[in-house]
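# An overview of the molecular structure
Read off the chains here:
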Amino acid sequence: MKSYDIVIIGAGIVGLSIAYELRLRNQKLRIAVVEKGTPGKEASWASVGMLEPQLIITQDFLKEENSIQRLFLNLCIESQFIFEEYIRRIEWVSKVNCEYRKEGILKLIPPDETADEKIAWLARIGIRGHYWSPEETEEREPALAEGYSAIHLPGNHQVENRKLVKALTYACKQTQVEILENCAITDFKVVNDAVADVSGPTETFSAAHYVLTAGAWTSQFPGLHGIIPDIRPMRGQIFSMQMPHERFVRHAGSLDDFYYVPRNDGRILIGSTVEDAGFNKSVSNDVTDGFLKKLETIFPNSVYFKAIESWAGLRPVSEDRFPVLGETALGNLYVASGHFRNGILLMPITARLMADMILDQKVSPLIRPFSTARFFRD
Ligand SMILES: Cc1cc2nc3c(=O)[nH]c(=O)nc-3n(C[C@H](O)[C@H](O)[C@H](O)COP(=O)(O)OP(=O)(O)OC[C@H]3O[C@@H](n4cnc5c(N)ncnc54)[C@H](O)[C@@H]3O)c2cc1C
């Protein structure tokens, strides 16, 4: 049996960032991240890396002063606020450029629509947005179809999530966080309301604290039934294409539920779906065709883009769609999962607040509403 101070189960962006934050706080801790496959190759790899706090906020937001939506938006905005500083530190240690882009994200307004309602909504929830007239939009995003205007969200940035998980993996390895690949945890041994050890087919690990960060698989451990709330996979499909040059489309943007994200290497990612399809990661040609038609309406010259590849990833989602963060009924088991469509954005705040909790027993008011307790009140 291998022994550590802290064992983290799942090496996605959430598990890796918590491991690295714990390491920064204490150089002496023996930390292991145990991963069933390759680090960062599930949802965190499939993602597109837009940092958009308002993404899953709905009209219910206005109903209750203290609704979980409001608290969730606070958490996202706080994370957005510390994101750049956090990522610069990881880039410095890992020497990986994570392509953090700050030109802002556009909400497109088709020629026959006005922006008034959308701007009012953003203002009401506290997201800064500036209206660009069709002339301004054409000047700043010249490849767009004629007549589009836009709301420019200057505070919403983007990051190359695959490079970010690579950077985090390097940063962990360089600071002696052990990352154990191809090692699926299947059993949690519970003794006296605490985890005694965790094991897979060939190895057993014991630790003072355990952190469960297994993304869409977080509630797949039979021994933790009634301890970990239900978290299920929500498939998202993405298609990527090569543009003639990297500034052909200059900003990431969206129109209703369709979005596009240009990358520094000249690729453009388009998507996405939100599908309750179990653990099935297949992609469908019909979905891709739908994306291509939408892209062509917005950027007519995209018909000349070269197709590259399509993929799908499984976003972890809880029953109320908000993350599950914090302590569990087992004294030494913590969980950080269910980040759904905002896991990349929420990386720094999750890492910081989870480390506060695990090392200093500090439970920030920012994280408290997201505890497992909300699912087990009875
Ligand atoms: C198409 C798509 C687009 C997205 N776009 C955005 C976006 O623009 N912005 C944003 O903020 N978020 C976005 N997201 C959401 C974001 O990617 C996720 O919320 C985030 O990656 C979740 O991270 P995670 O570490 O919890 O999960 P994962 O990255 O899935 O990591 C979980 C890890 O746990 C491992 N694991 C599972 N079971 C076990 C086990 N038994 N033993 C050991 N290891 C195990 C898995 O192999 C995996 O590596 C998007 C997601 C998708 C799919």
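## Comments concerning the overall build of the protein chain
- What the protein chain contains, in helices and strands, is 8 helices and 16 strands.
- Over its C-alpha atoms the protein chain spans a radius of gyration of 21 Å, differing by no more than 12% from the 21 Å that the globule rule assigns to 378 residues.
- Taking all 378 residues of the protein chain together, 47% fall into the buried category.
- If you take every contact in the protein chain between residues at least 6 apart in sequence, the share linking residues at least 24 apart comes to 75%.

## What about the sheet that holds strand 14 (residues 306-318)?
- Ordered by their spatial adjacency, 8 strands build an open sheet running 4-5-3-11-12-13-10-14, and the pairing between neighbours is mixed. In this open sheet, the two edge strands, each paired with only one partner strand, are strand 4 (130-132) and strand 14. The sheet shows a mean angle of 25° between the axes of neighbouring strands, direction not considered.
- Sheet topology note: the strand 3 (residues 105-109)/strand 5 (residues 149-153) ladder contains 5 bridges and is antiparallel. For Leu108, the partnering residue across the bridge sits in strand 5 and is Ala150.

## Some thoughts on the domain arrangement of the protein chain
- Considered domain by domain, the protein chain is made up of domain 1 (2-95 + 161-230 + 319-375), domain 2 (105-154) and domain 3 (232-316).
- Inter-centroid distance (C-alpha atoms) of domain 1 to domain 3 is 27 Å.
- At 3 residues, helix 2 (residues 43-46) tops the list of elements feeding residues into the side of domain 1 that touches domain 3.
- When the residues that make up the side of domain 1 that touches domain 3 are grouped by side-chain class, the tally is 7 nonpolar, 6 polar and 3 charged.

## Digging into the nonpolar core
- Ranked by internal contacts, the top residues of the largest apolar core, which has 108 residues, are Val7, Ile18, Ala19, Val33, Leu168, Val211 and Met354.
- Among the elements that line this core, the one with the most residues is helix 8 (residues 347-360), at 8 residues.
- Discounting residues that sit within four places of it in the chain, Val33 has contacts with Ile8, Ala11, Gly15, Leu16, Ala19, Cys172, Val177 and Ile179.

Quick notes on the rules
- Residues numbered from 1 in each chain as written.
- Predicted model: local features only at pLDDT ≥ 70, side-chain atom pairs only at ≥ 80, totals over all residues.
- Helix = DSSP H or I, 4+ residues; strand = E, 2+ residues; numbered from the N terminus.
- Rg over C-alpha atoms; globule rule 2.2 N^0.38 Å.
- Buried ≥ 20, exposed ≤ 12 C-beta atoms within 10 Å, placed from the backbone.
- Contact = placed C-beta atoms within 7 Å.
- Pairing = 2+ DSSP bridges.
- Axes fitted to C-alpha atoms, helices over the stretch in contact; angles between N-to-C directions.
- Domains from an automatic or database assignment.
- Nonpolar A, V, L, I, M, F, W, Y, C, P; charged D, E, K, R; others polar.
- Core = buried A, V, L, I, M, F, W, Y, C linked by C-beta atoms within 7 Å.

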